[in-house]
Amino acid sequence: MAERSFAEEVQKLKLGAGERFRGEGILAVTKALLESGVSYVAGYQGAPISHLMDVLADAQDILAEYGIRFENSASEATAAATLAASVNYPLRGAVTFKSTVGTNVASDALANLASGGVTGGALIVVGEDYGEGSSIMQERSHAFAMKSQIWLLDPRPNLPSIVAAVKHGFELSEASHTPVMLQLRIRACHVHGEFVAADNRMPAYTLKEALEQPRRDTGRIVLPPASFVHEQEKITERWPAAVDYIERHGLNECFNAEGDDIGVIVQGGLYNQLARVLERLGVADVYGASRIPLYVMNVAYPVIEREVLRFCAGKRAVLMVEEGQPNFIEQNLASILRQAGAATVLQGKDLLPMAGEYSAAVLLEGARKFLERWQRLPAAAAAKPAPRVIPLQPIQPLQPIQPLGDLVQGRPPGFCTGCPERPIFTAMKLVERELGARHVSADIGCHLFSILPPFNLGNTTMGYGLGAAGASALNVEGGRRAISVMGDGGFWHNGLTSGIANAVFNRSDNLTVIVDNSYTSATGGQDILSSTAANPTRDTGHAIEDAVRGVGVKWVRKVTRTVDVAAMRDALREAMTTPERGPKVLIAQSECMLNRQRREKPLQRQAVAAGRRVVRERFGVDADTCTGDHSCIRLSGCPSLSIKPNPDALRTDPVATVLDSCVGCGLCGEVSHAAVLCPSFYKARIVSNPTRWDRWRQTLRGLVIGRLQRAAARRRARHAF
Amino acid sequence: MPSEQPIKIAILAMGGEGGGVLADWIVDLGEANGYIAQTTSVPGVAQRTGATIYYVELFPRALAEAHGAAPVLALMPLPGDVDLVLASELMEAGRAVQRGLVTADRTTLVASTHRVYAIAEKMAMGDGRVADDGLLAHCERSARRFVRFDMAQEAERSGSVISAVLFGALAATEVLPFDRAQFEATISRGGVGVQASLRAFAAGFDRGRATQEPDAMTATQAAPASATATAAASATPTTPATPRDPAIARLLQRLQAQLPESARALALEGLRRLVDYQDPAYAELYLDRLVHLAGQADHPELVGECARHLALWMSYEDTIRVADLKTRDSRFQRVQDEVRARADQPVFIEEYMHPGLPEICETLPAPLGRWLAGSGAPRRWVERATRQGRIVATTSLRGFLLLHGLAGLRRWRRGTLRYGQENAQIEAWLRRVETAARRDAMLALEIVRCQRLVKGYSDTLARGRRHFELLMQAVDAAGAALSPATLRELRDAALADDRGDGLRDALSRHALAPESTP
């Protein structure tokens, strides 16, 4: 059950012809899939396309109406391989994942798919997680499209264009027997806009038909001699067919082509930003009508030679606006122009930065340089709308104030309040104090936040599920054991084989900590095999412990309440010090707090409303015993554990405090015990709808305790002044 | 070319703070009232407590239809081209300024002045907070209009979230072409927690209005309770009403007569603390020590700081003190308020304590404590018995009586092992201060301030004492040669990390590292 429910959005998938769809870009894609008559959809969640998977998961009854098969694939490789169904049969299929990480995982299947080619339309929707907010390495999906010859669509980031791209994607794929990749940048995935819907379509050909009349064509299988034929086929047949389709349907767009003798060529995905920048520079209006000719490449690959030459004909210069590196398109244009003997000057990465996101400010700079270079802008006019990174300050400050750089600090993402993964690293810190630092091989998932303050644990991360694999070389007789961390998501994605089985086979002596919180939490809390919640459409409840024992791990420990820091610490210590050889697996099991709160909060409210006895637990700090050392924070970093001004007139350092967002996970108390910190922490149990017994205890308290307290208060009052 | 412009809005928030909700509200507000709305964001992992930006653009639908074309709306803010910036917290407002989104020619900045401290600020061993007034000054200078107040407070009062208060403050600025009713209708359409949201909206609207009146502006200038300000405020002495207790009265007369004016405020607090901690006689000892120092050094600031740090040291947190503070009626009340329990909700309090061998020995009469610490079997037995931490239910009879009894040991405190140790160290420290004061008052002042290192409990306290000892050894070793700046540098180094690496480096840098340390 995912972090966010799309019950509402799902209704939008039912909209018919002429109705206006309003929503997120990635949901528009989902609607477009239904309008294209897909037979099957598969994928692996991850920002920015998690919502596509989540909305499909919530829409399974609708999918059923159209006989659509929907899979939460085990990995991106699985998803890509799923497209095999479109090789022999005229079945339209779509898969989706985060790129480039997902594309890296999927590339084996993608290469084979592209080699044999497809009969039914095969669409790969990749969420391009590049630039600001990205959590992965900065690479381009473009390279995969080129190496495997998969057509790459990069539509303008507005909903009508995105929806059109999906529909053309299937047609193009079928016309050229080639899989098509639809690239959506992160902002395009999350953009809220609108488009006019069409009716959903039944698949023209069903999975049932395919299974009942199996077709076979060895010519589509990647094995010599067919594979050698495929390579020729790609160039002699599929490429021309694609170029023909793209030209005939005008997938790429020209604006004001003859308006001037300079022009700009831009990837579709960057169009809106460029249009805004040209408008700011006064050569276009807010509707995108530009004095400077534009050639918008909604198809980033292949480059349509004839279109390029037509656009450049009679132009003194063109600017190629292409984000990321290497600058594949620019190089391609260069050879096209050169071979055609065109005199047009090609500019691009010489005016724009080679690497990094093309933010509004960066584009403004580049476009201005280009327009100045070709005298479309007088230098003076250009200076005016320049971005002011540090705004002009009208009056000089009387007393110098600290530079903003020192005042504004980073806010790295961290574990949520009450996150059960936090105590794992608290315990690791405590063991580190006892036994010294260890090499920690991190993985992908929320647990990767351990590399940031306050924990600062983790040396490398080699990819999803590769935490254990990342430490495989670091095995030495009698050496300090390395620690690997792996999430349950990564474990089922590939970690079971790439990490655990590998460690067994190669007689590793290291420890792998498997964080088992019942969901792939970092991607939005989707279910996986080991999820404990019952899922109507998926088979859950398969224990990680069984799996690791199944592949031959002997030393397996399980902590079922990670917030029990002492237990976590002891388990880690044992794993580090036991004479027993062989791979060690420590399963740290506790439910993701985000999901738990989402489930339990409403129930609690109902219970209180219904007059049932409900106990709310939360922690607090006594300001008068807290000495403001903040060790507790250095061992936790919980958002709800903060600081506040010291109420004590004599003390100046701020004291620790627990904010009301505390969910009473218990870590604060466990830490102050395990780390022997200080007696300032208390746990308060607040009882709603108290029973008679509760009231009686309170009364007794009032009688005895109250009396003693009043006496003490009187004594103090005597000396008060 | 037509010169119409979309309305450009950037929202800076932290994950889980409802920045998305706010963006959606603005979109719905626009779409319901004749505007084409576009919003986007890069949530990613920022959803997990990180900082993130939501960007919204609004464009009149009628205008687009008249022109017969849809506007091309941007997906990210262009520095210097933003009409409205909403920040859910003060440092985030600063971040907006840093990113160039707030410009004096056009940007209205609406921000909450409360602070959600960044991890670096929280984990510092001393005080790592950045200066609020610095952030405010930058926002003030950069924005065309800066509407701000503590929205967290308003949200809490109305039992809602900051985004609703921000939405109200936004309506109050009248930057958007929509009226209050249209704003409120948007919230109602939202359907979840409508009543609370409307309350928060109203609060935000009123405060937003108020802060825009010129005179009110100055008022809110001071409003952001910069931590130090409040602390200082509470430090100003309430002119002592003539106390009932004659002993106290005598102390107060001596304070007035024998201490420099500027030191009295803190000394008064010190007296209060020590009477509360032990008894008037103990407070007298404190005063004797201060007066003696004042006689040695004619340096009011030195005496003042000594008044502060001597009081803190003399009221060291031993088990007796902790038990005392934990069992007070005022404390029970404070907890009741802190956890927001209603009168009809019983609150049960559990303390997390971990008394070890040292704590027990300290609390025993000195000879007995010394014997136990040095003994064989008994020591091991106690150590075994205290390996686990204890949870004491202070609101239960057993728990309360235990702590109450422990607090009662106060009257024998002077006999405990801990008292002997602390007292000896205090005397040694004061001697160092006085010797230094005769040569160099500034050095003496820095020595006084080294007391800051000695705080906390068990491991933390041990570490603090260790570092304090290292500094004092340095003081003894260098003697007159030691410059105040150097000692300050050493102290800051000791407060920089809890492994003491920084301090060790600093010591060796100044060739003050004792042979013992590697």
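Everything that follows concerns the structure shown earlier in this document.
So, here is what we can say about the structure in this document. (Residues numbered from 1 in each chain as written. Chains lettered and ligands numbered in written order. Predicted model: local features only at pLDDT ≥ 70, side-chain atom pairs only at ≥ 80, totals over all residues. Heavy atoms only, no water.)

A few words on the overall build of chain B. Counting its regular elements, chain B contains 26 helices and eight strands. The C-alpha atoms of chain B give a radius of gyration of 30 Å, which is well past the 24 Å a tight globule of 518 residues would have. The principal-axis extents of the C-alpha atoms in chain B amount to approximately 95 × 55 × 55 Å. Across the 518 residues in chain B, those meeting the buried criterion constitute 58%. Surface summary for chain B: the accessible area is close to 20,400 Å², and the carbon and sulfur share equals 56%. Measuring between centres, the 61 positive side-chain charges of chain B sit 7 Å from its 63 negative side-chain charges. (Helix = DSSP H or I, 4+ residues; strand = E, 2+ residues; numbered from the N terminus. Rg over C-alpha atoms; globule rule 2.2 N^0.38 Å. Buried < 20%, exposed > 50% of the residue type's maximum accessible area, 1.4 Å probe, protein only. Areas by Shrake-Rupley, 256 points an atom, 1.4 Å probe, with all protein chains shown as cover. Lys, Arg positive; Asp, Glu negative; His and termini not counted. Charge placed at Lys NZ, Arg CZ, Asp CG, Glu CD.)

The subject of this paragraph is the packing of aromatic side chains. Enumeration according to the criterion identifies 27 aromatic pairs over all chains in this entry. The interplanar angle of 80 degrees and the centroid separation of 4.8 Å between the aromatic rings of Phe 491 of chain A and Trp 492 of chain A together place this pair among those described as edge-to-face. Just as Phe 491 of chain A is buried, Trp 492 of chain A falls in that class too. With a centroid separation of 6.1 Å and 50 degrees between ring planes, the pair formed by Tyr 282 of chain B and Tyr 419 of chain B is classed as tilted. Of this pair, Tyr 282 of chain B sits in helix α14 (residues 280-296) while Tyr 419 of chain B sits in helix α22 (residues 417-439), placing them 137 residues apart in sequence. Residue Tyr 282 of chain B is classed as buried on the basis of its relative accessible area of 3%. Under the relative-accessibility criterion, Tyr 419 of chain B is labelled buried at 11%. Through a chain of ring-to-ring contacts, the aromatic side chains of Trp 25, Phe 167, Phe 183, Phe 201 and Phe 205 of chain B assemble into a single cluster. Directly above the ring of Phe 311 of chain A sits Lys 315 of chain A, whose terminal nitrogen or CZ lies 4.5 Å from the centroid. Between the NZ or CZ atom of Arg 180 of chain B and the centre of the ring of Phe 205 of chain B, over which it lies, the distance is 4.3 Å. (Phe/Tyr/Trp six-rings, centres within 6.5 Å; stacked < 30°, edge-to-face > 60°. Lys NZ or Arg CZ within 6 Å of the ring centre and 35° of its normal.)

Once that is clear, we can look at the pattern of salt bridges. Tallied over the entire structure, the rule returns 110 salt bridges over all chains. Residues Arg 599 of chain A and Glu 600 of chain A are paired through a salt bridge, measuring 3.8 Å at the closest nitrogen-oxygen approach. Take Glu 600 of chain A: its relative accessible area is 30%, and that puts it in the partly exposed class. For Glu 446 of chain B, the salt bridge goes to Arg 449 of chain B, with nearest N and O atoms at 3.6 Å. Of this pair, Glu 446 of chain B and Arg 449 of chain B both sit in helix α23 (residues 441-449), three residues apart, roughly one helical turn. Among the ionic contacts, a cluster of salt bridges with common partners joins Glu 301, Glu 305, Arg 308, Glu 446, Arg 449, Arg 488 and Arg 491 of chain B. (Salt bridge = Lys/Arg side-chain N within 4 Å of Asp/Glu carboxyl O.)

A few words on the sheet that holds strand β7 (residues 180-185) of chain A. Residue and element names in this part refer to chain A. With respect to topology, seven strands assemble into an open sheet ordered β3-β2-β4-β5-β7-β6-β12, the strand pairing being mixed. Each edge of the open sheet is held by one strand with a lone partner, namely β3 (69-72) and β12 (299-301). Neighbour to neighbour, the strand axes of the sheet diverge by 20 degrees on average, direction disregarded. Sheet topology places strand β2 (residues 40-43) next to strand β4 (residues 93-99); four bridges connect them, and they run parallel. Pairing of Val 41 across the sheet is with Ala 94, part of β4. Relative to β7, helix α9 (residues 159-176) is tilted by about 160 degrees, and along the sheet it contacts β4, β5 (122-128), β6 (151-153) and β7. (Pairing = 2+ DSSP bridges. Axes fitted to C-alpha atoms, helices over the stretch in contact; angles between N-to-C directions. Contact = heavy atoms within 4.5 Å.)

Turning next to the environment of Lys 31 of chain A. All names here are of chain A. Along the polypeptide, Lys 31 turns up in helix α2 (residues 25-35). For the pair Lys 31 and Ala 674, spaced 643 residues apart in the sequence, the C-alpha separation amounts to 53 Å. Every residue in contact with Lys 31, bar those within four places of it in the chain, is listed here: Lys 12, Leu 13, Leu 15, Phe 21, Phe 195, Ala 197, Ala 198 and Asn 200.

Below, the discussion takes up the packing of α23 of chain B against helix α25 (residues 484-496) of chain B. Residue and element names in this part refer to chain B. Relative to each other, α23 and α25 sit at 15 degrees, their axes nearing to 8 Å. By the angle between their directions, the pair α23 and α25 is classed as roughly parallel. As for the relative orientation of α23 and α25, their crossing is left-handed in sense. Across the interface between the two elements, Met 442, Leu 443, Glu 446, Ile 447 and Arg 449 from α23 touch Pro 484, Leu 487, Arg 488 and Arg 491 from α25. Of the residues assigned to the contact of α23 with α25, the class counts are five nonpolar, no polar and four charged. (Parallel < 35°, antiparallel > 145°, perpendicular 65-115°, else oblique. Left-handed = near helix turned anticlockwise from the far one by under 90°. Nonpolar A, V, L, I, M, F, W, Y, C, P; charged D, E, K, R; others polar.)

Okay, the sheet that holds strand β8 (residues 390-393) of chain B next. On the basis of which strands lie adjacent, the open sheet formed by four strands has the order β21(A)-β24(A)-β7(B)-β8(B) and antiparallel pairing. Across the chains shown, the open sheet's two edge strands, defined by having one partner strand only, are β21 (614-621) of chain A together with β8 of chain B. Sheet twist, expressed as the mean angle between neighbouring strand axes with direction ignored, is 25 degrees.

Another point: unusual backbone geometry. With omega at 5 degrees, the peptide bond leading from Gln 325 of chain A into Pro 326 of chain A counts as cis. Relative to the helices and strands, Pro 326 of chain A resides in the loop between β13 (317-321) and α15 (328-339). For Ser 518 of chain A, which is not glycine, the phi torsion reads 80 degrees and is therefore positive. Within the secondary structure, Ser 518 of chain A sits in the loop between β18 (511-516) and α21 (544-550). A residue is classified by how much of its surface remains accessible, and Ser 518 of chain A, at 8% relative accessible area, is buried. Positive phi is not limited to glycine here, since Ser 458 of chain B has a value of about 35 degrees. In this fold, Ser 458 of chain B is placed in helix α24 (residues 458-478). A relative accessible area of 17% means that Ser 458 of chain B is categorised as buried.

This part is about the nonpolar core. Ranked by size, the top nonpolar core spans 92 residues in total, and within it Leu 33, Leu 123, Ile 124 and Ile 265 of chain A carry the most contacts. Sequence-distant contacts of Leu 123 of chain A, defined by excluding residues within four places in its chain, comprise Leu 33, Leu 83, Gly 93, Ala 94, Val 95, Val 166, Gly 169, Phe 170, Val 180 and Leu 182 of chain A. Val 303, Leu 310, Ala 311 and Leu 490 of chain B belong to the second-largest nonpolar core, a separate cluster that totals 67 residues. (Core = buried A, V, L, I, M, F, W, Y, C linked by side-chain atoms within 4.5 Å.)

Residues Leu 703 and Val 704 of chain A together with Leu 397 and Leu 401 of chain B make up a contiguous nonpolar surface patch of about 310 Å² in total accessible area. Elements that contribute at least two residues to the nonpolar patch include exactly α26 (692-719) of chain A together with α21 (397-408) of chain B. Summarising the element assignment, Leu 401 of chain B is placed in helix α21. Classification of Leu 401 of chain B by relative accessible area gives partly exposed; the value is 43%. (Patch = residues over 30% accessible without salt bridge, like charges linked within 9 Å, V, L, I, M, F, W, Y side chains within 5 Å.)

Our next topic: the interface of chain B and chain A. Facing 146 residues of chain B, the contacting portion of chain A comprises 139 residues. Both sides together, the interface formed by chain B and chain A hides about 12,300 Å², and carbon and sulfur atoms give 57% of it. Summed over the shared surface of chain B and chain A, the number is 21 salt bridges. Ionic pairing is found between Arg 61 of chain B and Glu 194 of chain A, a salt bridge with its closest N-O pair at 3.2 Å. Seen at the junction of chain B and chain A, the total is 57 residue pairs in polar contact (both at pLDDT 80 or more). Considering every element that reaches the side of chain B that touches chain A, the biggest residue donor is helix α13 (residues 261-277) of chain B, with nine residues. Relative to strand β7 (residues 347-353) of chain B, strand β24 (residues 681-688) of chain A is paired through five bridges, and the arrangement is antiparallel. In the strand pairing of β7 of chain B, Ile 686 of chain A is matched with Val 347 of chain B. (Buried area = accessible area lost by both parts, 1.4 Å probe. Polar contact = N/O pair within 3.5 Å; in protein donor to acceptor, adjacent residues only side chain to side chain.)

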